Amino acid sequence: MIDKEEIAKYKKGILIVLGILLLLYLPSIHTFLQVNLGRKFRVYLAEKPSSYKEAKKMALEDFQLEEIPFIQERDISGYDFENAIIYFDPSRKVFDSATYLKLIGRVFVVCLGQQRLYYGTFWTYKIAHGTDTIIAIPDRQGIKIEPGYFGMNEKFSALVHDEDIRKRIGTIQKLR
């Protein structure tokens, strides 16, 4: 028969082994939690305002967004921060010519979790909007975020190259 001292030794041994295993898997657990519980990168289409001119008159917090995001993390195969291009996973079929034609002129909002970072418009040519604007135009396998015709310089760069977005996209290993 096993006495209480032996049972206590076994319990202690099991706890030590579990502690060692936990320490070995802690980085994996941490990464898993960061990816699955972190603030997700999403791009929503706005129901209101319906045009960029209306958007200029509204605060970003007052935009009414569609319930389902237009672009979700699972739709992205990579994010090129240097050139501000969001590449789509071809198997997801997020974006094609017909979809893009329907989106011309639509306002979008880039979010990280519940935080709204910036907005812009889907368009075909930079000349379509003047200064202080952000537009999204089609790129081979995704969309390219660009400043309006005359550009936004530092403001554009600070918005599009947001360090929190870079960290999130890097965490989910889709940073190019």
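Residues numbered from 1 in each chain as written. Predicted model: local features only at pLDDT ≥ 70, side-chain atom pairs only at ≥ 80, totals over all residues. Heavy atoms only, no water.

Trainee: Would you mind going over the nonpolar core with me for this structure?
Mentor: Across soluble globular proteins, nonpolar side chains show a tendency to be buried alongside one another. Formed by 32 residues in total, the largest nonpolar core has its most connected members in F41, F108, Y118, F122 and I145. Looking at which element gives the most residues to this core, the answer is strand β7 (residues 134–139), with 4 residues. Not counting chain neighbours up to four residues away, the residues in contact with F41 comprise I71, Q72, E73, I76, Y79, I86, V110, C111, L112, I165, R168 and I169. The next biggest cluster of nonpolar side chains, apart from the first, holds 11 residues, and it includes A46, L60, L65 and Y119. (Core = buried A, V, L, I, M, F, W, Y, C linked by side-chain atoms within 4.5 Å. Buried < 20%, exposed > 50% of the residue type's maximum accessible area, 1.4 Å probe, protein only. Helix = DSSP H or I, 4+ residues; strand = E, 2+ residues; numbered from the N terminus. Contact = heavy atoms within 4.5 Å.)

Trainee: Is there a simple way to think about the confidence of the model for the protein chain in this case?
Mentor: Note: predicted coordinates in regions of low pLDDT should not be interpreted at a detailed level. Averaged over the protein chain, the pLDDT score is 82; the fraction of residues at 70 or greater is 85%. Across the protein chain, the secondary-structure element scoring lowest on mean pLDDT is helix α1 (residues 4–37), at 74, and the one scoring highest is strand β2 (residues 64–65), at 96. (pLDDT = per-residue confidence, 0-100.)

Trainee: Help me out: how do you make sense of the sheet that holds strand β6 (residues 115–122) in this one?
Mentor: Adjacent strands of a sheet form backbone hydrogen bonds with each other and so pair up, either parallel or antiparallel. Read from one edge to the other, the open sheet built from 8 strands follows the order β2-β1-β5-β6-β7-β8-β4-β3, with strand pairing classed as mixed. Strands with a single pairing partner mark the edges of an open sheet, and in this sheet they are β2 and β3 (76–80). Note that strand β1 (residues 41–48) and β2 share 2 bridges and pair antiparallel. Across the sheet, K48 pairs through a bridge with Q64, a residue of β2. Contacts from helix α5 (residues 163–171) reach β1, β3, β5 (107–112) and β6 within the one sheet, and its direction differs from that of β5 by about 70°. (Pairing = 2+ DSSP bridges. Axes fitted to C-alpha atoms, helices over the stretch in contact; angles between N-to-C directions.)

Trainee: Would you mind going over a nonpolar patch on the surface with me for this structure?
Mentor: A contiguous nonpolar patch, built from I2, I7, Y10, I14, L15, I16, V17, L18, I20, L21, L24 and Y25 and spanning about 1200 Å² of accessible area, is present on the exposed surface. Counting through the fold element by element, Y25 comes out in helix α1. (Patch = residues over 30% accessible without salt bridge, like charges linked within 9 Å, V, L, I, M, F, W, Y side chains within 5 Å. Areas by Shrake-Rupley, 256 points an atom, 1.4 Å probe, with all protein chains shown as cover. Salt bridge = Lys/Arg side-chain N within 4 Å of Asp/Glu carboxyl O.)

Trainee: Which parts of the structure should I look at to understand the pairing of strand β8 (residues 142–147)?
Mentor: Walk down a regular strand and you will see the side chains alternate between the two sheet faces. With 5 of 6 residues buried, β8 lies mostly within the body of the structure. Across 6 bridges, the pairing between β7 and β8 is antiparallel. Pairing of I134 across the sheet is with P147, part of β8. Remark: 2 residues form the turn of the hairpin made by β7 and β8, two consecutive strands paired antiparallel.

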